[in-house]
Structures are given as C-alpha cells and as structure tokens.
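Chain by chain, the residues run as shown.
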Amino acid sequence: MGNHIFLCHGKVMLGSNAPSLFFTNGLLLIGLSIYYGYVLPKLGQLAALQQQHEDGRHDVVGSLSSFNTTNYTTSTTNLEDLILDWFLFDQPTTVTWLYWISGILTVFTFCTLLNTALLDLGILPPLSSLKLPAPPLSSLGGPAGHRYCSTCNIFRPPRSKHCNFCNCCVSKFDHHCAWTGNCIGASNHRVCFCFLLSITLLLILVTAVSVCLLWSLLSLLGYHAAIITVAQTTNNCVRGIYQKSSAMNPNNFGCWHNWCHSFWCKRNPGQSIAQRFFPSYSSL
C-alpha cells in the first residue's frame, strides 16, 4: 500500500520515512538517559546534602553556644542560611515526585509517538481497475468538493490529499510529519496532538529541573570563588571564625594574591604521597 514499510508479517505498518521514526526515538532516548542518569540523581544528591545540613545545623549552633557569644552564634547561623540557600528543593520527597511525574510523561510520550507512527492514518484505498470510477453524487471540484486522483484512481473526499511521500491518498490530510515518518490524517491526528502535548510538558519539566541544577552549580561555583577571594574555607565560614571584628584573617593578603596562592603556588614539588607519609619509601 503506497510506499509504506510493513513489519511482523503485515501487522505493523511504518511510514515511507521509517528511519525518521528511529531517529526520533534515538534522540528521545539519549536526552532522557542523560536526564534520568545524571540530572535527577545529582538533584537527589543535592536534596540529601541539604537534609544533612538541616539535621546538623542544630548540633553546630549548640556546640558554639558554650562560648556565650551571641553575635558569634548569630553570624554563624546567618552564614549557614546563606550556604543552604544554594539548594532549591526543601525535601528529598520533591525529587521522588519528579521521578514519578517524569516517568509518567515519558511513558505517555513514547506511547503516543508509537501510536501516531503505527496506527492507520486514514488511508483511502486505491482502485486497481483501469476504468474511471463513478463520480460521487455530491459536487465535484473546489475546496469543498471531491477531486479525482489519477494515481489512486479514486474521487477523494474534501480535505483529503494525495501524499507524494507515502504515495497514497489520506483522509483529512494534515501534513507529512518528518519526525514520525508518516502522514497525519483523520485517524491519528488526535494522537499526534496528545504526543505534542506530552512531549511539551516533558520538555518543560526537564528544562526546569536542568535550570535548577545549573543554578545550584553556579551558586556553588560563585560561593567558592568568594571564599577564595577572602582566603577562607567552607569550614571557616560555617564556624564563623573570622566574622568577629576582633578576629583578623592572617591568610588574607588581598584578592589577587589569594587567587595566585590558590592556583599557582607549588604543592610539595617532587614528592609523591607515599614519600610524604613514608620517608623511607624511596629507599625500599
């Protein structure tokens, strides 16, 4: 029938551009593999790490309260709040819901894609007879009338068209889809709309989650750039060692010197880890 490709002894019919369907499925699988294999697990790690910070916050503040320095404890708590603001998801259950919603949209997307590509698209069967078929009783010609198709030897109804790619007439022809490899017609138009809806929602969700992860990573990058600038560590900031006015950071020699010291100073040149911990290693 036309230029279609049949599989499984005629039980499965693919469009004339069947490789396009495999290409579309490949793109979806590659993108979703990155999403499920890296983006969502990384987001789960960030949520779990935030939960650990929330659980340990009271322990840190309680251990510092023994110094009886109200300003010191207050500044430490504020610094912890700034650090915990990196993570955009308050509970790990949010990531679990993201897995469920993403999974449902993924299944729905593939189901509608395969239904769009494999279902009957509304093909009008041609006539193999050499005789001209009898014209319909309704009007002929014009945008709302029947038209004769010399290739299929039929009078096709209104809103139908002969597709040159599939080499057949399609009822209520909409367009020939390059992503599914077949035509969109009367029988699969609604399924195609559901496919577009599901993949749009899935793309919005994946983009939003990726932006959240990117924002968290950019915030983490900016934070470490800030503590390098002032010659501190995350441990110093959380404990608030140099937050009091009387406490000066002896390692802070200015922005340029701090960056040069962090990236260009030599770290035990010519000495391996084994030689540093075991001086007699080289003589063995």
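Described below are features of the structure shown in this document. (Residues numbered from 1 in each chain as written. Predicted model: local features only at pLDDT ≥ 70, side-chain atom pairs only at ≥ 80, totals over all residues. Heavy atoms only, no water.)

### What about the state of the cysteines?
Inspection of the entire model under this criterion finds zero disulfides. Free of any disulfide, Cys169 has its nearest neighbouring cysteine sulfur in Cys149, separated by 3.5 Å. Cys169 gets classed as buried once you look at its relative accessible area, which sits at 0%. In this structure Cys194 is not part of a disulfide, and its nearest cysteine sulfur, from Cys192, lies 9.3 Å away. With a relative accessible area of 30%, Cys194 lands in the partly exposed category. (Disulfide = S-S within 2.5 Å. Buried < 20%, exposed > 50% of the residue type's maximum accessible area, 1.4 Å probe, protein only.)

### Examining the sheet that holds strand S3 (residues 123-124)
Pairing is antiparallel across the open sheet formed by three strands, whose spatial order is S3-S7-S6. Each end of this open sheet is capped by a strand with a single partner; those strands are S3 and strand S6 (161-163). In the sheet, S6 pairs with strand S7 (residues 168-170) via three bridges, with the strands oriented antiparallel. Opposite Cys163, over in S7, you have Cys168 as the bridge partner. (Pairing = 2+ DSSP bridges. Helix = DSSP H or I, 4+ residues; strand = E, 2+ residues; numbered from the N terminus.)

### Overview of the packing of aromatic side chains
Counting across every chain of the model gives two aromatic pairs. Centroid distance Tyr35 to Tyr36: 5.2 Å. Interplanar angle 70°. Geometry classified as edge-to-face. Both rings, one in Tyr148 and one in Phe155, keep their centres 5.2 Å apart while their planes meet at 55°; by these two values the pair is tilted. Sitting over the ring of Phe173, Lys161 keeps its end group 5.3 Å from the ring centre. (Phe/Tyr/Trp six-rings, centres within 6.5 Å; stacked < 30°, edge-to-face > 60°. Lys NZ or Arg CZ within 6 Å of the ring centre and 35° of its normal.)

### A word on the nonpolar core
Within soluble globular proteins, side chains that are nonpolar generally end up buried alongside one another. In terms of nonpolar packing, the biggest core is built from 22 residues, with Tyr35, Leu98, Leu205 and Val209 touching the most fellow members. Sorting the residues of this core by element identifies helix H1 (18-64), helix H3 (92-118) and helix H4 (189-229) as the ones contributing at least two each. Sort the elements by how many residues they give to this core and H1 lands first, with nine residues. Dropping the residues within four chain positions of it, Leu205 is found in contact with Tyr35, Leu98, Ile101, Ser102 and Leu105. Formed by nine residues, the second largest nonpolar core is a distinct cluster that contains Met13, Ile123, Phe173 and Cys183. (Core = buried A, V, L, I, M, F, W, Y, C linked by side-chain atoms within 4.5 Å. Contact = heavy atoms within 4.5 Å.)

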